[in-house]
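Notes for the structure review
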Amino acid sequence: MKIGIVCYPTFGGSGVVATELGMALADKGHEVHFITYNQPVRLDFISHRLHFHEVVMEEYPLFQYQPYELALSSKMVEVVQKFELEVLHVHYAIPHAYAAYMAKKMLEDKGINVKVVTTLHGTDITLVGSHPTYKTAVEFSINKSDEVTTVSQSLKEDTLRLFSIEKDIKVVYNFIDAEKYDRAHEAECKRSALANPEERILTHISNFRPVKRTDDVVRIFEKVQREIPAKLLMVGDGPERLKVENLVKEFGIEDRVLFLGNSSEVAKILCYTDVFLLPSETESFGLAALEAMAAGTAVISTNAGGLPEVNIPGKTGYLSAVGDVEDMAAKALEVLRDETVLTTFKSNAKAHVKEFSLSKILPQYEAIYKRCYAVAK
Ligand code: GMT
């Protein structure tokens, strides 16, 4: 099939899922066209079936805010027409679903019928999308999509609770290409570069937005390192980073915390990790936790949103209430202190990830596209 993928090209989870999906679809023989304002950061696969179309914004002094939706929907119309795309799969409702609806209507005017699949990723529903500023337009564009998917059962329930939805919503989980994370290359995993042999390694990866509660990560780690030798790897960047760096200084643990910034080497970093910390306030799924589990890491997280669908307490890690730093530190210590428990949790995590393998999830999206296409014909 010929599929257009619209997403944020950044390190955020929705962009990562969209990019990995596009690359997998191209690998399977589909023609895929990414339409976004930059080349997606995870787009590292070269194929004649993969195309990237940049949405170029023209600065104009009259505009206080540049009208990105207009440029995006015009680009969608251009690409659908030129390459005869059958489906536009938009990731993250704002503004992508809205722009796709406009593109669809403009194309209808030209006698072209393109189908729109909208995947909701989390904050487009739970935080930004349900805000009165955007709610009407988000609800409208969800209802006008030909197919709607959410990345967890929890996000589906949130969507139905926060909006008046007339569409059937299908749950299609986030997925992982587990081979990428296989520890087959364990020999190359130079743990000694980051920690001493007796130290446990804890890792957190996020965009350092307030919703990630990155200060809780540091508070948990501060308690852990009082009890056992340990290092904390903080991966990613965002608005809370400075505050968190200051907290590390306040605790006087700078020598045990490494800030690695945004990285495309997530799999490599995770191969060093014993416990992954994700104390989020809300989390529709928690792709970062799934990636950590694929690398064979136990997970200590909150029970927010879809996290209980990913992290199985007592098996792959533990869940705690949002903000319960004491509990998360105690559970991390329980796992880290006992080599047998840690090894069991790590291998359980790796095994559980198979539920979310690319080979299981990709056909679900293909079936959705095919259904659209059948209706379109
Ligand atoms: O919060 C992030 O890390 C980024 C955010 C995004 O919109 O890109 O991630 C959301 O989508 C991911 C992919 O579907 C999910 O795995 C994340 O849980 C979700 N984040 C939140 O719900 C806070």
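Remember, predicted model here, so these are calculated numbers, not experimental data.

Across its full length, the protein chain carries 15 helices and 13 strands. Here the C-alpha radius of gyration of the protein chain, 21 Å, is about what a compact globule of 377 residues would show, namely 21 Å. Considered along the principal axes of its C-alpha atoms, the protein chain spans approximately 70 × 45 × 35 Å. In the protein chain, buried positions account for 55% of the 377 residues. The long-range share in the protein chain, meaning contacts at least 24 apart out of those at least 6 apart in sequence, stands at 68%.

This part covers the sheet that holds strand 10 (residues 257–261). Strand order in this open sheet of six strands is 10-9-8-11-12-13, and the pairing throughout is parallel. In the strand order of this sheet, the two ends are held by strand 10 and strand 13 (317–320), each with one partner. Each strand of the sheet is rotated relative to its neighbour by a mean of 20°, with strand direction disregarded. Sheet topology places strand 11 (residues 275–278) next to strand 12 (residues 298–302); four bridges connect them, and they run parallel.

Turning next to empty space enclosed by the protein. Scanning the model with the defined rule gives one cavity of 30 Å³ or more in all. Computed from the structure, the largest cavity encloses a volume of approximately 90 Å³. Contributing elements (two or more residues each) for the lining of the largest cavity: helix 1 (13–27), helix 7 (178–181) and helix 11 (287–294). Residue classes in the lining of the largest cavity are distributed as six nonpolar, no polar and five charged. Looking at which domains feed residues into the lining of the largest cavity, each of domain 1 (2–175 + 357–376) and domain 2 (178–356) supplies at least three.

Looking now at the domain arrangement of the protein chain. Segmentation of the protein chain into domains returns domain 1 (2–175 + 357–376) and domain 2 (178–356). Listed as interface residues are 23 residues of domain 1 and, on the opposing side, 21 residues of domain 2. For the pair domain 1 and domain 2, the two sides together bury roughly 1600 Å², of which 51% comes from carbon and sulfur. Taken together, the connections running from domain 1 to domain 2 amount to two salt bridges. Across the salt bridge formed by E355 and K360, the nearest N and O atoms sit 3.8 Å from each other. Elements with a minimum of two residues in the side of domain 1 that touches domain 2: helix 1, helix 4 (123–126), helix 6 (153–162) and helix 15 (358–376). Here the side of domain 1 that touches domain 2 is built from residues that sort into ten nonpolar, ten polar and three charged.

Spatially, seven strands are ordered 3-2-1-4-5-6-7 in an open sheet, and the strand pairing comes out parallel. Where the open sheet ends on each side, the last strands, each with one partner, are strand 3 (50–54) and strand 7 (169–171). Between one strand and the next, the sheet's axes are offset by a mean angle of 25°, whatever the strand orientation. Helix-sheet contacts for helix 6 involve strand 5 (115–120), strand 6 (147–150) and strand 7, and the interaxial angle to strand 7 is about 160°.

Basis of the calculations
Residues numbered from 1 in each chain as written. Predicted model: local features only at pLDDT ≥ 70, side-chain atom pairs only at ≥ 80, totals over all residues. Heavy atoms only, no water. Helix = DSSP H or I, 4+ residues; strand = E, 2+ residues; numbered from the N terminus. Rg over C-alpha atoms; globule rule 2.2 N^0.38 Å. Buried < 20%, exposed > 50% of the residue type's maximum accessible area, 1.4 Å probe, protein only. Contact = heavy atoms within 4.5 Å. Pairing = 2+ DSSP bridges. Axes fitted to C-alpha atoms, helices over the stretch in contact; angles between N-to-C directions. 1 Å grid on protein atoms, 1.4 Å probe; cavity = no way out; pocket = protein on both sides within 12 Å on 5 of 7 lines; lining within 4 Å. Points joined across faces, edges and corners; volume = space filled by probe spheres on them. Nonpolar A, V, L, I, M, F, W, Y, C, P; charged D, E, K, R; others polar. Domains from an automatic or database assignment. Buried area = accessible area lost by both parts, 1.4 Å probe. Salt bridge = Lys/Arg side-chain N within 4 Å of Asp/Glu carboxyl O.

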